[in-house]
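# Structural description and commentary
This is what each chain is made of:
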Amino acid sequence: MKKNVFYSVMAIFMMLFVASCSQDEVMSVNQPDDGMVRLSVKVPAATPNTRADVSVANHKMRCTMEILDKDNNRINIGENTQLSGTVDEAKGTVTFEFEKPEGATKYLFWADYVPSEGKGYYNIENNKTEGVGLQYITYTANKANNLFNNQAMDAFCACIEDENLEGTITLKRPVVRLAVRADKVDDLGLKDLDKVTPNLYGGNGFNVATGKAIAKGQLKTGNDGADAIDVLSSGNYVFYCYVFPTVADETRGSGITFTSNENETGVTLKIAAEDMQTLTPNTSVSLTGDGGNGKTTVKLEIDNAFSSDIEQ
């Protein structure tokens, strides 16, 4: 008889990953002789080593900057409200040069992968409220198979006060990586299940200035969530994705359903809305537990393998 086993997530553990692998560095240099500001942005996640991952092979990494005034309104940088550049893959850097505008109080930075053809995964321009840009970042599409098992969904950001612009600026992930490790498949009752259909209620409308999502969001596979994707057959993980922690008034619980052709009902791992709210950006969690004999004991544990390059 087919069974549908539900797991309730009981705890959240967090891990800050190794600094040399998980952070981007932005070097700021003021040039008082010509009034220009020159920023050299270093992005380790865009180096050729990372490019070996098939999910980012046909991508470039863009880095975008905005400048805010004291009321968090965007200030024009020349004729535009955003200044963007493509990261040099060989060096992992991009350089910004601009004339510092009057009234600048904050500098926002966002770095993410963009396919060589087509739109990026994140909308960083004008979204919902005209002109908000990096203060309301949404998904370009929230129902698509490439939202999952895709390292190109990784992203980095920082908000720097004007007085701290000089020196080294560290960008950190605004997202959490949720993963199911290959060595936990038996414990979770997922053996011989080779398809996965996620339905995750995370945050949306991420604000780089505050470091938080300010709206409810949902990530599903294509066909309005009906499509299934293949479980990863090699590497440390059978499934992973990147999500924003959700907002405090979210009441919907998330689920990740594993199935196969022989078992269409499969097993659903359930994550309570409260747990999605307490996730912390720049961390990784892995679902673990005991799924044998109908037990429902499940927890999230620290994933010590988390780095800017997912080990596959």
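Structure: see above.
Now for a description of the structure that goes with this document. This is a predicted model, so every value here is computed, not measured. (Residues numbered from 1 in each chain as written. Predicted model: local features only at pLDDT ≥ 70, side-chain atom pairs only at ≥ 80, totals over all residues. Heavy atoms only, no water.)

## Structural notes on the pattern of salt bridges
Formally: Each salt bridge in this description consists of a side-chain nitrogen of Lys or Arg and a carboxyl oxygen of Asp or Glu lying within 4 Å of one another. For helices the rule is a DSSP run of H or I covering at least 4 residues; for strands it is a run of E covering at least 2, with both sets numbered from the N terminus onward. Each residue gets one of three labels from its accessible area relative to the maximum for its type: buried under 20%, exposed over 50%, partly exposed in between, using a 1.4 Å probe on protein chains only.
If you walk through the whole model with that rule in mind, you get 11 salt bridges. Asp230 is the partner of Lys195 in a salt bridge, and the nearest nitrogen-oxygen pair spans 2.4 Å. With Lys195 in strand 13 (residues 195-200) and Asp230 in strand 17 (residues 229-230), the pair connects residues that are 35 residues apart, well separated along the chain. For Lys195, a relative accessible area of 27% puts it in the partly exposed group. The salt bridge partner of Glu250 is Arg252, with a shortest N-O separation of 2.9 Å. Glu250 gets classed as buried once you look at its relative accessible area, which sits at 3%. Residue class for Arg252 comes out partly exposed when judged on its relative accessible area of 32%. Through salt bridges with shared partners, one network takes in Lys143, Lys220 and Asp224.

## Observations concerning the sheet that holds strand 5 (residues 83-86)
Put simply, the rule is: Strands qualify as paired when DSSP identifies two bridges or more between them. Angles here are taken between N-to-C directions and fall from 0 to 180 degrees, while the axes themselves are lines fitted to C-alpha atoms, restricted in helices to the stretch in contact.
Spatially, the 4 strands line up as an open sheet ordered 5-4-7-10, and their pairing is antiparallel. Where the open sheet ends on each side, the last strands, each with one partner, are strand 5 and strand 10 (155-161). Taking each pair of neighbouring strands and ignoring which way they run, the sheet shows an average axis angle of 15 degrees. With 10 bridges connecting them, strand 4 (residues 59-68) and strand 7 (residues 106-115) associate as antiparallel partners. Bridge pairing in strand 7 places Thr64 opposite Trp110.

## Let's talk about the nonpolar core
For the record, the criterion: In these notes, a set of buried Ala, Val, Leu, Ile, Met, Phe, Trp, Tyr and Cys residues joined through side-chain atoms within 4.5 Å is what counts as a nonpolar core.
Counting residues in each nonpolar core, the largest one holds 75 residues, and the members touching the most others are Trp110, Tyr122, Phe239 and Phe258. No other element matches strand 18 (residues 237-243), which puts 7 residues into this core.

## Concerning the packing of aromatic side chains
For any pair of aromatic rings, the description consists of the separation of the ring centres together with the inter-plane angle of the planes. Heads up, the rule is: When the centres of two rings from Phe, Tyr and Trp lie within 6.5 Å, Trp using its six-membered ring, the rings pair. Their planes under 30 degrees apart give stacked, over 60 give edge-to-face, and anything left gives tilted.
Applying the stated rule across the entire model yields 9 aromatic pairs. With centroids separated by 6.2 Å and ring planes inclined at 85 degrees, the aromatic side chains of Tyr240 and Tyr242 adopt a geometry described as edge-to-face. We classify Tyr240 as buried; its relative accessible area is 2%. A relative accessible area of 0% places Tyr242 in the buried class. Through successive ring pairs, a cluster of aromatic residues spans Trp110, Tyr122, Tyr139, Phe206 and Phe244.

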